[in-house]
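Listed here are the chains, written in short residue letters.
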Amino acid sequence: VSTEAQAWPFIVARNATLDWRPILAPPFLIDAHADYLLVTETSGPGPELTKPSVTVVKSARAGTITIVYSSIPATTELLGRQPAEPLLDHFGRPLHVVEGLVLRGDHRALPSGLQPTLDRVRTETLRLLTAFWNEEDEAAPPAPSQPIPISTAAQRTAAPAPPHDEQQGPKRTGRMALPLLLVVVVALGAAVWWWWSARTA
Amino acid sequence: MAPEHQEFHQPRSEPDVGDEVAAGEVAESNVLGGEVRTFEVHALGPTGAGKTVFMASLYKRLNIKRPELPFFLKSDYSTGLELNHTYNQIANPDEKWPSPTQQIMEWSFTACVPTPAGDFEPVRYTYLDYPGGVLTNPRAMQDERIRPLIGRLQSADALLVLLDGQRVMELLRDERSGSRYLELEITSSLEILQQSRCPVHFVVTKWDLLEGHHTLEEAHDRLMKHHDFADLIASKTSDTTAPIRLFPVSAVGPGFAELQPSGEMTKVGAHHPKPVNVELPLVSVVPDTLHFVYLEAENSGGAYGRGMSKLREQLEALDESGKLQRWGKNAGKAVRVALLKKFPKQAWVARVNIDPHIEEAIRHIVNLAKHLDAPHARKIVNLRDALDELSLQFTQILSAFEEAEPASVLAGGLADFPLAHRAANAAGPRRERNGPAR
């Protein structure tokens, strides 16, 4: 039995001068002034591509949350510039970007099939990082993210915007059901009429 | 001081044979006399100030026995592994600098005194590493995990304020970015400093950029010309007896990295890194804390304060007349015990809040007087002796540096504690060390 849950995308990054901070975070963490935990709880090996990790965090302000995250090296490609070159801070240190999802509650037995949903966070990274790269305001809050429904037990994403061909599948099945039912009813009626006629004859 | 505090991430440690042996040695040392003294030493500085690089370089410099130093640092296996990894990344000219710190980490080391009787570890240092942005980002400051960190920083035994050498150089050249650094970027660090009473060590990092172009005296004078900085020093000086120092430090030494017009530091790989003065801030923690604690107790007034002053005067007088030796080896101990009996610790702890080190401070000045009275090679047979020796040697190193670089004293210093100053310069075993950075 699958359980539906909401997953909020988040992004942690830094630019040449501003230190690590969430630039996209769930609204409930922003409102509770608890979004900075996304920075300290998602530390990794640095500018390397990492596999998704899961951590469960108990926050006095935001309750228990589950964070699924991975890191990617920060390159100019994320700013829409080619060729891809490493992004460095003002001191010449290489940077990375943390992308992930936040779920309310303890979901440490998360499905392995979250990758497609995680991949969708990249769109947000590409959308937000360019503006953040020029940001100078220390106090700028992160952008609030929109939840994505996922299925936590069936180990698959309930993607809200599936590909067009998948969207059409269930609808075609629905349209065929009624005529089939009519055919069955007519056939059944004909059989009963035939049996009744044969009996009275 | 040292309130109950939240512990932060520590390097993961898998128990192995080596760890078991080390733990056994420490336990044995404790049985042999005294207890390990813990000093919380934390660094303040915005992102890029060099907190991680400084600690990795410090560890690398001190994890090996050096002839000019009376101690070396020991840590658990995984801490050593992580710091060595960071340092190797720094030292390798083909690798980039380590990434900016994203996590709050707590490092712990012991200062190990090697003796013919074995190694003793009388002092433990704890050091917090954290993303410097928590001191400048108002949203980070509100975070429930950051508040305990700030609390730990405020209650440190000693604070290291890391001043970016590049910015200090800009200040010396009267560039706007230098003043801006003091006025905006390190404001939060200075605020935490303002709220603390402990000894403070300003550490000018990346000193290799200034070396040969500017002296420490010039850096001192220029910093003191800045009204915010000068006011802070004046305010601290009037509030506490805590020493305030200025150390020129380079984690990699001259010729290893070059400043680019963009502001980035590029490794040139011409030399192997040769850290300069990285040990000085750590060395000064023990004597500065003990002198500060003693003077604070004196200044707290009342019967206890007067008793502390009297003890110091007596010890100084005994030194001058050479009576201490005639009194016998236990005279100092007798005075200390009598003092503690007369003024129970609990009674004055409530008044002056500097309890963890007061007994050590009293013992330290007795030890200084004994050294003045009869400077000779000392036998170290237990943890207690090791701490006495370490405190004395640290005082000597600090005194030598003060003498070579008077500009390193922003407030206080050994001149405020004549017994220490004289003991440091008394005849007796003393290790030579490298000269100051110029």
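Residues numbered from 1 in each chain as written. Chains lettered and ligands numbered in written order. Predicted model: local features only at pLDDT ≥ 70, side-chain atom pairs only at ≥ 80, totals over all residues. Heavy atoms only, no water.

Engineer: Whenever I open this one, the overall build of chain B confuses me. Can you help?
Structural biologist: If you tally the helices and strands in chain B, you get 18 helices and ten strands. The buried share of chain B, reckoned over its 438 residues, is 58%. Of the roughly 17,600 Å² that chain B leaves accessible, carbon and sulfur atoms contribute 51%. (Helix = DSSP H or I, 4+ residues; strand = E, 2+ residues; numbered from the N terminus. Buried < 20%, exposed > 50% of the residue type's maximum accessible area, 1.4 Å probe, protein only. Areas by Shrake-Rupley, 256 points an atom, 1.4 Å probe, with all protein chains shown as cover.)

Engineer: Help me understand the confidence of the model for chain A, please; the structure alone is not making it clear to me.
Structural biologist: Low pLDDT means the predicted atomic positions in that stretch should not be read closely. This prediction gives chain A a mean pLDDT of 83; 82% of its residues lie at or above 70. Considering only residues more than four positions removed or in separate chains, one finds that residues 154-176 of chain A, a stretch of pLDDT under 50, has 18 contacts. (pLDDT = per-residue confidence, 0-100. Contact = heavy atoms within 4.5 Å.)

Engineer: How should unusual backbone geometry be read in this particular structure?
Structural biologist: The general pattern is negative phi for most residues beyond glycine and trans for most peptide bonds. Geometrically, the link from Q82 of chain A to P83 of chain A is a cis peptide bond, its omega value of -5 degrees lying close to zero. Inspection of the secondary structure puts P83 of chain A in the loop between β4 (63-73) and β5 (96-104). Although it is not a glycine, K206 of chain B sits at a positive phi angle of roughly 55 degrees. By secondary structure assignment, the location of K206 of chain B is in the loop between β6 (200-204) and α9 (216-225). Although it is not a glycine, N277 of chain B sits at a positive phi angle of roughly 60 degrees. Turning to its location among the elements, N277 of chain B is positioned in the loop between β9 (265-267) and α11 (280-299). Owing to a relative accessible area of 4%, N277 of chain B belongs among the buried residues under this scheme.

Engineer: I'm lost on the interface of chain B and chain A in this one. Help?
Structural biologist: By convention, interface size is frequently given as the accessible area that disappears when the constituent parts associate. Every contact between the two is made by 34 residues of chain B and, on the other side, 40 residues of chain A. Here chain B packs against chain A, burying approximately 2,900 Å² in sum over the two surfaces, 48% of which is carbon and sulfur. A per-residue breakdown of the area chain B buries against chain A is headed by Q102, R139 and R145 of chain B, which together make up 26% of the total. At the surface where chain B touches chain A, the tally comes to two salt bridges. One salt bridge in this structure joins R139 of chain B and D35 of chain A, with 2.6 Å as the shortest N-O distance. (Buried area = accessible area lost by both parts, 1.4 Å probe. Salt bridge = Lys/Arg side-chain N within 4 Å of Asp/Glu carboxyl O.)

Engineer: In this structure, what is going on with the packing of helix α8 (residues 187-194) of chain B against helix α10 (residues 227-239) of chain B? I would like to understand it.
Structural biologist: What describes two packed helices is the angle between their axes and the distance between those same axes. Residue and element names in this part refer to chain B. It is at 11 Å that the axes of α8 and α10 come closest, and there the two elements cross at 15 degrees. With respect to each other, α8 and α10 are oriented roughly parallel. Judged by the twist between their axes, the crossing of α8 over α10 is left-handed. Note on element contacts: α10 touches α8 through L232, S235 and K236, opposite L190, L193 and Q194. For the contact of α8 with α10, the per-class residue count stands at three nonpolar, two polar and one charged. (Axes fitted to C-alpha atoms, helices over the stretch in contact; angles between N-to-C directions. Parallel < 35°, antiparallel > 145°, perpendicular 65-115°, else oblique. Left-handed = near helix turned anticlockwise from the far one by under 90°. Nonpolar A, V, L, I, M, F, W, Y, C, P; charged D, E, K, R; others polar.)

Engineer: Help me understand the nonpolar core, please; the structure alone is not making it clear to me.
Structural biologist: Across soluble globular proteins, nonpolar side chains have a tendency to be buried as a group. Judged by nonpolar contacts, the single largest core of 142 residues is most densely connected at Y125 and F202 of chain B. Per-element accounting of this core gives the leading share, eleven residues, to α11 of chain B. In this structure, A7, A13, A74 and W133 of chain A belong to the second largest nonpolar core, which totals 27 residues. (Core = buried A, V, L, I, M, F, W, Y, C linked by side-chain atoms within 4.5 Å.)

Engineer: Sorry, what's going on with the pattern of salt bridges here?
Structural biologist: A side chain of one charge can pair with a side chain of the opposite charge when the charged atoms of the two come close. Applying the stated rule across the entire model yields 26 salt bridges over all chains. A salt bridge links E124 of chain A to R127 of chain A, with the nearest nitrogen and oxygen atoms 2.7 Å apart. Here R127 of chain A and E124 of chain A lie together in helix α3 (residues 115-133), a separation of three residues that amounts to about one turn. A relative accessible area of 52% means that R127 of chain A is categorised as exposed. R167 of chain B is paired through a salt bridge with E170 of chain B; the nearest N and O atoms lie 3.0 Å apart. Within this pair, R167 of chain B and its partner E170 of chain B are both found in helix α6 (residues 165-172), separated by three residues, close to a single helical turn. Of the two residues, R167 of chain B and E170 of chain B, both sit in the buried class. What you see here is one network of salt bridges that share partners, running through R37, E360, R363, R384 and D388 of chain B.

Engineer: I'm lost on the side chain of H214 of chain B in this one. Help?
Structural biologist: All names here are of chain B. Position of H214 relative to the elements: it lies in the loop between β6 and α9. In this structure H214 comes out as buried when scored by relative accessible area, which is 14%. In this structure, H214 is in contact with M169, L172, R173 and W207, ignoring residues within four places of it in sequence.

Engineer: Please clarify how the packing of helix α17 (residues 383-404) of chain B against helix α18 (residues 418-425) of chain B should be interpreted in this entry.
Structural biologist: All names here are of chain B. Running from N to C, α17 and α18 point in directions that differ by 90 degrees, and their axes come no closer than 9 Å. In terms of orientation, α17 lies roughly perpendicular with respect to α18. The segment α17 lies against α18, with T395, Q396, S399 and E403 engaging A420, H421, A423, A424 and N425. Counted by class, the contact of α17 with α18 contains three nonpolar, five polar and one charged residues.

Engineer: Even after reading the chapter, I still don't get the confidence of the model for chain B, so can you show me in this structure?
Structural biologist: All names here are of chain B. Of all residues in chain B, 79% attain a pLDDT of 70 or more, and the chain-wide mean is 82. Residue range residues 345-354 is modelled with pLDDT below 50. Its contacts to residues more than four positions away, or to other chains, number 19 contacts. Within the model, pLDDT remains below 50 along residues 430-438, and this stretch shows 33 contacts once partners closer than five positions in the same chain are excluded. For this predicted complex, the interface confidence comes out at an ipTM of 0.78, alongside a pTM of 0.80.

Engineer: I would appreciate a short explanation of the environment of S145 of chain A in the present structure.
Structural biologist: Residue and element names in this part refer to chain A. Here S145 shows up in the loop between β6 (143-144) and β7 (148-151). Each C-alpha atom of the pair S145 and I11 lies 9.6 Å from the other, and the pair is 134 residues apart in sequence. Engagement of the side chain of S145 in a polar contact is seen with the backbone oxygen of P9, the distance being 2.8 Å. (Polar contact = N/O pair within 3.5 Å; in protein donor to acceptor, adjacent residues only side chain to side chain.)

Engineer: Could you clarify how one ought to interpret the sheet that holds β6 of chain B in this entry?
Structural biologist: Across a sheet, paired strands are connected by hydrogen bonds in the backbone, their directions being either parallel or antiparallel. Residue and element names in this part refer to chain B. Here we have eight strands laid out as an open sheet, ordered β2-β3-β4-β1-β5-β6-β7-β10, and mixed in their pairing. The strands lining the two open edges of the sheet, one partner per strand, are β2 (72-74) and β10 (409-411). Ignoring strand direction, the axes of neighbouring strands in this sheet form an average angle of 30 degrees. Note that strand β5 (residues 158-163) and β6 share five bridges and pair parallel. Each residue of the ladder has a partner; that of L159, found in β6, is V200. Seen against the sheet, α10 touches β6, β7 (244-248) and β10 and runs at an angle of roughly 155 degrees to β6. (Pairing = 2+ DSSP bridges.)

Engineer: Can you walk me through a nonpolar patch on the surface in this structure?
Structural biologist: A surface patch of nonpolar side chains, about 620 Å² in accessible area, is lined by W193, W194, W195 and W196 of chain A. Tracing the backbone through its elements, the reader meets W194 of chain A in helix α4 (residues 164-200). (Patch = residues over 30% accessible without salt bridge, like charges linked within 9 Å, V, L, I, M, F, W, Y side chains within 5 Å.)

Engineer: Whenever I open this one, the packing of aromatic side chains confuses me. Can you help?
Structural biologist: The description of two aromatic rings rests on the distance between their centres and on the angle between their planes. Considering all chains together, one arrives at eight aromatic pairs over all chains under this definition. Between W8 of chain A and F28 of chain A the ring centres are 4.9 Å apart and the planes differ by 80 degrees, which places this aromatic pair in the edge-to-face class. Here F28 of chain A lies in helix α1 (residues 27-31) and W8 of chain A lies in strand β1 (residues 4-13), a separation of 20 residues in the sequence. Judged by its relative accessible area of 12%, W8 of chain A falls in the buried class. Their ring planes at 40 degrees and their centres at 6.5 Å tell us that F39 of chain B and Y125 of chain B sit as a pair that is tilted. (Phe/Tyr/Trp six-rings, centres within 6.5 Å; stacked < 30°, edge-to-face > 60°.)

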